[in-house]
Amino acid sequence: MKAAVVPSVNGKWEVKEWQTPKAGPNQVVIKIHASGLCYTDVHITHGVIPTQFPRVLGHEPVGEIVEVGAGVTSRKVGDRVGVGWVQKGCGRCEWCLRGKKELCQSAISTGIGLEGSHAEYMLAYADATMLIPDALSYEQAAPIFCAGYTVWSGLRLGDPKPHERIAVVGIGGLGHLALQYSKAAGFETLAVTKSKDKEKSIREMGADEVVEDGAKLLGAGGADVLLATSNSWAATADAAKGMRPDGRVVLMGVGPEPLNYNPELMFKRVRLMGSSQNGPEYLYEALDYAAKGKVKVIAETYNLDDISRAYDRVADGKVRFRAVITMN
Ligand SMILES: [Zn+2]
Ligand SMILES: [Zn+2]
């Protein structure tokens, strides 16, 4: 099969012939139709998140099952599926026993412990696959498996109450979905961004207000929940100046610099919460909103042969919202 292979840390992505996977027990092989390119792929390429190279990255996989391994009963050939980040825990640690495999220190993840989805075929554990609603296209579905799943998990963890206000900082791959999910769930939603050129599309996505920093956010009434999806922790710390008392800052983007915790947050009793993909019920809900057309991915699509151009644009921050790789 054809796959985008990263040869080494900081290596140049190259599309080449690669071994087509075979399904082992409890596994399936997915013919990939679309694969989202997440900024985390850049972190992995740079060695910030360790894996073994050479490696096929990609953790927003969607496609159809073409082979099922021994013991698989819940999935069949022809099923339309996608796969999240954590596929399988060790099954033995405290967090696995509590049913929270996403917190397992020995978890096997898509594109880390197993080859990822920037390829014609991908192997996955059958239990890690999620059926995709019929109404949702592959291109729309792919980014839900990391970006959408992550931000909807974060919104649910932030636990906004009726009448509370949500702000989103960092309106990129995750953030453009975060503000649509917030609107779909009925919350007054503010976007915090310095990208003036994005303002029009941000308002079209439903933002009630667009402000450029935390001071302006506070001036606009502040936020009870801040969905922090920016790759800059400086931007997150600044936006947090706009928090209302008893607010919650939900961290979903990793920045290179330390996170500067403003002491004012302590006196306002603002909570900082880490969040990632917090369990399949949130993936189910995230897909359902997308299938109902309440959340729309804004994607640039690239053919697999052209993936290194897509990667460079993601790495340089030139992709406005999401890059999606298609295989045909
Ligand atoms: Zn991701
Ligand atoms: Zn475990």
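A brief look at the structure comes next.

**Some remarks on helix α10 (residues 280-291)**
Three or four residues apart is the spacing at which side chains of an α-helix point the same way, because the helix has 3.6 residues per turn.
Consideration 1: With 12 residues, α10 extends 16 Å from end C-alpha to end C-alpha; this agrees with the ideal 16 Å at 1.5 Å per step.
Consideration 2: For α10, the elements touching its buried residues are β10 (129-131), α4 (147-158) and α5 (175-184).
Consideration 3: Phi for Gly-293, located one or two positions after α10, is positive at around 75°.

**What about the packing of α4 against α5?**
Consideration 1: For the pair α4 and α5, interaxial distance at closest approach is 9 Å and the crossing angle is 50°. With respect to each other, α4 and α5 are oriented oblique. The element α4 and its partner α5 pack so that their crossing is right-handed. Judged by residue contacts, Ala-147, Gly-148, Val-151, Trp-152 and Leu-155 of α4 engage Leu-177, Ala-178, Tyr-181 and Ser-182 from α5.
Consideration 2: Here the residues of the contact of α4 with α5 sort into seven nonpolar, two polar and no charged.

**Quick look at the sheet that holds strand β1 (residues 2-6)**
Consideration 1: Overall, antiparallel pairing links the three strands, which are arranged β2-β1-β4 in an open sheet. Two strands bound the open sheet, and with one partner strand each, they are β2 (14-17) and β4 (55-56).

**A short note on the environment of Glu-139**
Consideration 1: By the secondary structure assignment, Glu-139 is in helix α3 (residues 138-141).
Consideration 2: Given the relative accessible area of 40%, Glu-139 is considered partly exposed.

**As for the coordination of the zinc ion (ligand 2)**
Consideration 1: Around the zinc ion (ligand 2), the protein supplies Cys-90 (SG), Cys-93 (SG), Cys-96 (SG) and Cys-104 (SG) as donor atoms, at distances of 2.3 to 2.4 Å.
Consideration 2: The coordination sphere of the zinc ion (ligand 2) comprises four donor atoms, whose angles at the metal cover 105 to 114°; the geometry is tetrahedral.
Consideration 3: In terms of primary sequence, the donors binding the zinc ion (ligand 2) are separated according to C-x2-C-x2-C-x7-C. Here Cys-93, found in the loop between β7 (86-88) and α2 (94-97), pairs with Cys-104, found in the loop between α2 and β8 (108-109); they are 11 residues apart in sequence, far enough to count as distant.
Consideration 4: Judged by relative accessible area, Cys-93 falls into the partly exposed class, the value being 23%.

**Describing the packing of α4 against α10**
Consideration 1: At their nearest, the axes of α4 and α10 sit 9 Å apart, and the two run at 110° to each other. The angle between the axes of α4 and α10 places the two elements in the roughly perpendicular class. α10 is crossed by α4, and the crossing has right-handed handedness. Seen from α4, the contacting residues are Gly-148, Tyr-149, Trp-152, Ser-153 and Arg-156; seen from α10, they are Pro-280, Tyr-282, Leu-283, Glu-285, Ala-286 and Tyr-289.
Consideration 2: When the residues that make up the contact of α4 with α10 are grouped by side-chain class, the tally is seven nonpolar, two polar and two charged.

Conventions and cut-offs
Residues numbered from 1 in each chain as written. Chains lettered and ligands numbered in written order. Predicted model: local features only at pLDDT ≥ 70, side-chain atom pairs only at ≥ 80, totals over all residues. Heavy atoms only, no water. Helix = DSSP H or I, 4+ residues; strand = E, 2+ residues; numbered from the N terminus. Expected span 1.5 Å × (residues − 1). Contact = heavy atoms within 4.5 Å. Axes fitted to C-alpha atoms, helices over the stretch in contact; angles between N-to-C directions. Parallel < 35°, antiparallel > 145°, perpendicular 65-115°, else oblique. Left-handed = near helix turned anticlockwise from the far one by under 90°. Nonpolar A, V, L, I, M, F, W, Y, C, P; charged D, E, K, R; others polar. Pairing = 2+ DSSP bridges. Buried < 20%, exposed > 50% of the residue type's maximum accessible area, 1.4 Å probe, protein only. Donors = N, O, S within 2.8 Å, 3.2 Å for Na, K, Ca; no water. Tetrahedral: all angles 85-135°; square planar, octahedral: opposite > 155°, others 65-115°.

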